[in-house]
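Tertiary structure, described
If you want the building blocks of each chain, they are given just below.
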Amino acid sequence: MSETPILEVRDLTVTVVKHRAERTVVEGVTFSLARGGSLGIVGESGAGKSMLIRAILGVHPPGVSMRVAGSVRLDGHDMLALRGRERRRVLAESVGMIHQDPLRSLNPTIRVGEQLTEVLAFARIATRRERSRRAVELMGSVGFRSAESESRRYPHELSGGQRQRIGIGAAALTEPALLIGDEPTTALDVTVQKKVLDLMDATRARTGSSMLLVTHDLGVAAERCDQLLVMRAGAVVEAGRTAEVLAHPAHQYTRSLLDSIPRLDGPRLRRLRTAADGALS
Amino acid sequence: MALSELITPVRSAAPRARIPRVGVIVASCWLVVLAVAALAAVLGLTIDPLANDYATISQSPSLAHPFGTDNLGRDVFSRSLHGASASAVVALVTVVVGGGIGILLGVWAGLRRGIADAITGFLTDVTIALPSLIIVATIVTLAGPSLPTISLTIAAFAIPVFARLSRSATLSIATENHVIVARTLGASGWRVLTREVLPGVLPVMMPFVLTTLATAIVAEGALSFLGFGLRPPEPSWGGLIAEGRTQLALAPWVTGFPALLLCLTILSINVLGEHYREAKR
Amino acid sequence: MTFAWLPRAGRSLLVLIVIAALTCQLAIVLPGDPALVLLGQESTEAQRAALRHTLGLDQNAVERFVTFVGGVFTGDWGTSFTSGRPVLTEILSRVPATAELVILSQIVALAVTIPLALHSARNVGGRLDRLVSTGTFLLLAVPSFVVGILVIQLFAVQLGWLPASGYTPFTENPLDNLARMVMPVLTLGIAEGAVYLRALRGAAIESLRAPYAYASIVRGASDRQLLWWRILRPSSSTLLALVGISLAVSLGGTLLVESLFAIPGLGRLTVSALGARDLPVIQGVVLFAAMIVVLFGIITDIVISRIDPRSNRGIV
């Protein structure tokens, strides 16, 4: 078993250029993810979490250009130095991504079965029939009971939870070394959230993938990840093993995040402390 | 998707090179200058457009005749300006009458729904299915090609699209809070219309008003080019272009200048339309 | 096979009926006594009475409608004043030329537009893209008849490559037919291509920015795969809708192009019929054109409902 981390990010700085205006959205972020481990990246909207992921993958957002400095090593590859075809190969083989909004990440005019195996089509790995077979197999493994007929449905015919399960299945198809969940449960009901997260855990157990879980929900991250990274305004304010961070948060911000999680066993009439209460420092 | 729903103006939401400010200024100036010149011509300040002068046949542009003369010695400059005024009348009547009726119909259909909506939609379908150029040519030819007839017939074809657009706009505005409040408070239909709905609908229609101006001018041009518009020797842009075809070898300015005026005018209107659309975004 | 398009088809049929009703009343538009206007001052009352009977002017509106529609179904669309031949024959004999013109120009327009739009989507703001979008914008300001005149000037007069006008049926002499078709097809194709290009370029660029592009890129899609998977397939219905409308608008365009290039098609027939006040032919052409537009609308609806499943739920 290799001891090198699956993902090593050093001093990553991302500047976004839009209509001649520049903004630094990620500042000097450093962390590493061990193989088989899981890291939760937590922060409020605009903290730079999604941009961080985009920078690691090298997919710039529509309409803006990104300037990335620092170093990113994914599964031994220097991501920032990769060009077109190389990068595509690494992404397809080593990365699986689960997006926030399953409806918008699926093509509405193509049946879900076909889309599940999109990654195989892009890499021209399997024939159409082979892809169909694997799609049905996969749908079965993510919990669809009559997978054969379900695979012929279109995205809008499925529920949010079903679509997300397909998203997870698609992400895991190539048994990638790294699974990235970009707010995978934000658009879902709480009850469905747990099922989806359980499915992600099960998938990880099966494929042995490491996981990056990006979320604004500290509770979810704390529950499912063994390491935490707290971001605020583009910079890392807290990093470490989950238990450590929860027990001894080093930063005021983290503390207020923790405090803002309502607890059933806490004092009842305590006002939620928020960042506005002077926790910004 | 009924036939009628296919008729929505093509919105290019894509980023195009922004219309440089210079362009907008030039376009506006052109239209103003043209309007003033056409007015001057109509008021009789230019050479009589119908005056044959066999002494000055087919002369190239000169100081006395800025656009040259045609094979009957008529001044092309003056004829072009008179043609401009004819086009202007058609365009304005189309927008004012066609647009006015269309918008009122559309708003009415949008607010009342039910039968009004069904009828308007159906009428729109009928009009869309009619090959417009053919019908306009038919009616104008049969009823006699006069400026009022031409203008009103073209205006009639503008009604359904205005109706459809203003209906959609009304539908979305009608769900806005201020409208619902007004209706609940018992405001009369008229008041709701003028104070809550129209102020929201009209700005949305602006780009289409400009488009319609351009379309009307082209329609009149096509009509008179084919010989179905204003009867010669009455000047109209299309008519001038058609007349000049036989003289192209010897006197290209007879066709050239009216054609140039036509294209520049349409271009200017399009520039303004595009600028308006960008400014709204 | 969904039949979602059936109610629309029914609606279209109703539209056609209304159009037929309006068409058969066209004579009313003539100022004064239609028979007098059509035949002129020198005609006798007997001739005028005969004409009134032919046009159904001696019947009331409803009877006229019934006779007209009855005639339409039996293939009797009236007789042309100018040629004496049955209207339907006149119309059908002109269809091949017009069909060739319209089909070829659509092909040309799409063949040029689609690659350019895809290129633009991948290289927004690049040199070719800027050229394309500026060019399209300028081109949209030039009406088709002006384009036609320019095309003739360039290819026939200045360069002398092609004959200026005229037509030979494909069956007689394919090469000559195509040579003579180049300019008309170019003219009509340019006009339509400009409209398509503006729409498709916009749609393609939007698609590449869409959220599902991100997902596909992470799954390893190349630009080309992305364009096909994410753009062409979903926007094909938009494109088809445009083509559907455009086909209808083309009919108007053919009036101009066929006149310019002396092509014996439906457009030219219409122009000469209007010039001669040949009412039966005029009525026939109007009805025929409307039928084609409606038919194409239905076909487009069907194709769209097969390709884009969203439309069946009324989501589009």
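Because the structure is predicted, anything quoted here is derived from the model rather than measured. (Residues numbered from 1 in each chain as written. Chains lettered and ligands numbered in written order. Predicted model: local features only at pLDDT ≥ 70, side-chain atom pairs only at ≥ 80, totals over all residues.)

Tallying secondary structure elements over chain B gives 9 helices and 0 strands in all. In chain B, the succession of α and β elements from N to C terminus is α-α-α-α-α-α-α-α-α. With the C-alpha coordinates aligned to their principal axes, the bounding extent of chain B is approximately 75 × 45 × 35 Å. When burial is assessed residue by residue, chain B has 51% of its 281 residues classed as buried. Long-range pairs, those at least 24 residues apart, make up 71% of the contacts in chain B with a sequence separation of at least 6. (Helix = DSSP H or I, 4+ residues; strand = E, 2+ residues; numbered from the N terminus. Buried ≥ 20, exposed ≤ 12 C-beta atoms within 10 Å, placed from the backbone. Contact = placed C-beta atoms within 7 Å.)

Here the focus is the overall build of chain A. Per the secondary structure count, chain A includes 11 helices and 10 strands. Based on the C-alpha atoms only, the size of chain A along its principal axes is roughly 60 × 45 × 45 Å. Put simply, chain A has 281 residues, and 42% of those count as buried.

Residue and element names in this part refer to chain A. Spatially, the 6 strands line up as an open sheet ordered S6-S7-S8-S3-S9-S10, and their pairing is mixed. Each having just a single partner strand, strand S6 (95-98) and strand S10 (235-241) make up the two edges of the open sheet. Strand-to-strand twist across the sheet, computed as the mean angle between neighbouring axes with direction ignored, equals 15°. (Pairing = 2+ DSSP bridges. Axes fitted to C-alpha atoms, helices over the stretch in contact; angles between N-to-C directions.)

So, on to the sheet that holds strand S5 (residues 77-78) of chain A. Here 4 strands make up an open sheet; going across it, the order is S2-S1-S4-S5 (chain A) and the pairing antiparallel. The open sheet terminates on both sides in strands that have one partner only, identified here as strand S2 (21-33) and S5 of chain A.

Its identity is not glycine, yet alanine 233 of chain A carries a phi of approximately 50°, on the positive side. Positive phi, normally seen in glycine, also occurs at arginine 277 of chain C, with a value near 55°. As for its position among the elements, arginine 277 of chain C is in the loop between helix H11 (266-276) and helix H12 (279-307). According to the C-beta neighbour criterion, arginine 277 of chain C is partly exposed, with 18 such atoms within 10 Å.

At the interface, 54 residues of chain C touch 45 residues of chain B. For the side of chain C that touches chain B, the secondary structure elements donating two or more residues are helix H1 (6-23), helix H6 (127-139), helix H7 (144-158), helix H8 (174-209), helix H10 (223-261), H11 and H12 of chain C. The leading source of residues in the side of chain C that touches chain B is H12 of chain C, at 10 residues.

Our focus in this paragraph is the confidence of the model for chain B. All names here are of chain B. For chain B, the mean per-residue pLDDT works out to 82, and 92% of the residues sit at or above 70. Across residues 1-15, where pLDDT falls below 50, the model places 39 contacts with residues more than four positions away in sequence or in other chains. This complex was scored by the predictor with a pTM of 0.77 and an ipTM of 0.82. (pLDDT = per-residue confidence, 0-100.)

With that settled, consider helix H7 (residues 160-172) of chain A. Residues and elements named next belong to chain A. If you check H7, its first and last C-alpha atoms are 18 Å apart, about what 13 residues at 1.5 Å a residue would give, namely 18 Å. Of all 13 residues making up H7, 11 are buried, and the element is well covered by its neighbours. The inward-facing, buried residues of H7 abut S6, helix H3 (112-116), helix H4 (118-122), helix H5 (128-141), strand S7 (178-182) and helix H8 (190-207). (Expected span 1.5 Å × (residues − 1).)

Another aspect to go through is the pairing of strand S9 (residues 227-232) of chain A. All names here are of chain A. Along S9, 6 of the 6 residues are buried, which leaves the element largely enclosed by surrounding structure. Pairing of strand S3 (residues 38-42) with S9, which is carried by 4 bridges, proceeds in the parallel orientation. Paired with leucine 39 across the two strands is glutamine 227, which belongs to S9. Two strands pair when backbone bridges link them, and S9 and S10 are joined in this way by 6 bridges, in the antiparallel orientation. Across the sheet, the residue bridging to valine 230 is glutamate 238, located in S10. The hairpin formed by S9 and S10 contains 2 residues between the paired strands, and alanine 233 there has a positive phi angle of roughly 50°.

Take the environment of arginine 180 of chain C next. Residue and element names in this part refer to chain C. Within the secondary structure, arginine 180 sits in helix H8. The sequence separation of arginine 180 and serine 222 amounts to 42 residues, and the corresponding C-alpha distance is 42 Å. When residues no more than four places from it in sequence are discounted, the contact partners of arginine 180 are Pro163, Gly166, Tyr167 and Thr168.

Further remarks concern H6 of chain C. Residue and element names in this part refer to chain C. With 13 residues, H6 should reach 18 Å at 1.5 Å per residue; the first-to-last C-alpha distance of 18 Å fits that figure. Looking at H6, one finds that the buried residues are Asp129, Ser133, Thr136 and Phe137. In an axial view of H6, the angular spread of the buried residues amounts to 100°, which keeps them on one side of the axis. Turned more than 90 degrees away from the buried face of H6, the exposed residues are Arg127, Leu128, Leu131 and Thr134. (Arc of directions from axis to C-beta.)

One broad trend across soluble globular proteins is that nonpolar side chains are buried collectively. Ranked by internal contacts, the top residues of the largest apolar core, which has 229 residues, are Val136 of chain B together with Val285 of chain C. By residue number, the principal contributor to this core is H8 of chain C, which donates 16 residues. Look past the residues within four positions of valine 136 of chain B in its chain and what remains in contact with it is Thr153, Ile154, Phe157, Ala219 and Leu223 of chain B. (Core = buried A, V, L, I, M, F, W, Y, C linked by C-beta atoms within 7 Å.)

Let us now look at the packing of helix H5 (residues 87-122) of chain C against H8 of chain C. All names here are of chain C. Running from N to C, H5 and H8 cross one another at 35°; their axes reach a closest spacing of 6 Å. Between H5 and H8 lies a crossing whose hand is right-handed. Among the residues making up the contact of H5 with H8, the classes are represented as 21 nonpolar, 6 polar and 3 charged. (Left-handed = near helix turned anticlockwise from the far one by under 90°. Nonpolar A, V, L, I, M, F, W, Y, C, P; charged D, E, K, R; others polar.)

The residue glycine 227 of chain B is located in the loop between helix H7 (189-226) and helix H8 (237-245) in this model. Excluding residues within four positions of it along the chain, glycine 227 of chain B makes contact with Ala242 of chain B together with Gly275 of chain C.

Residues and elements named next belong to chain C. The residue threonine 98 is located in helix H5 in this model. Note: C-alpha distance between threonine 98 and isoleucine 304 (206 residues apart in sequence) is 25 Å. Residues contacting threonine 98, with those up to four places away along its chain left out, are Thr254, Gly265, Leu266 and Gly267.

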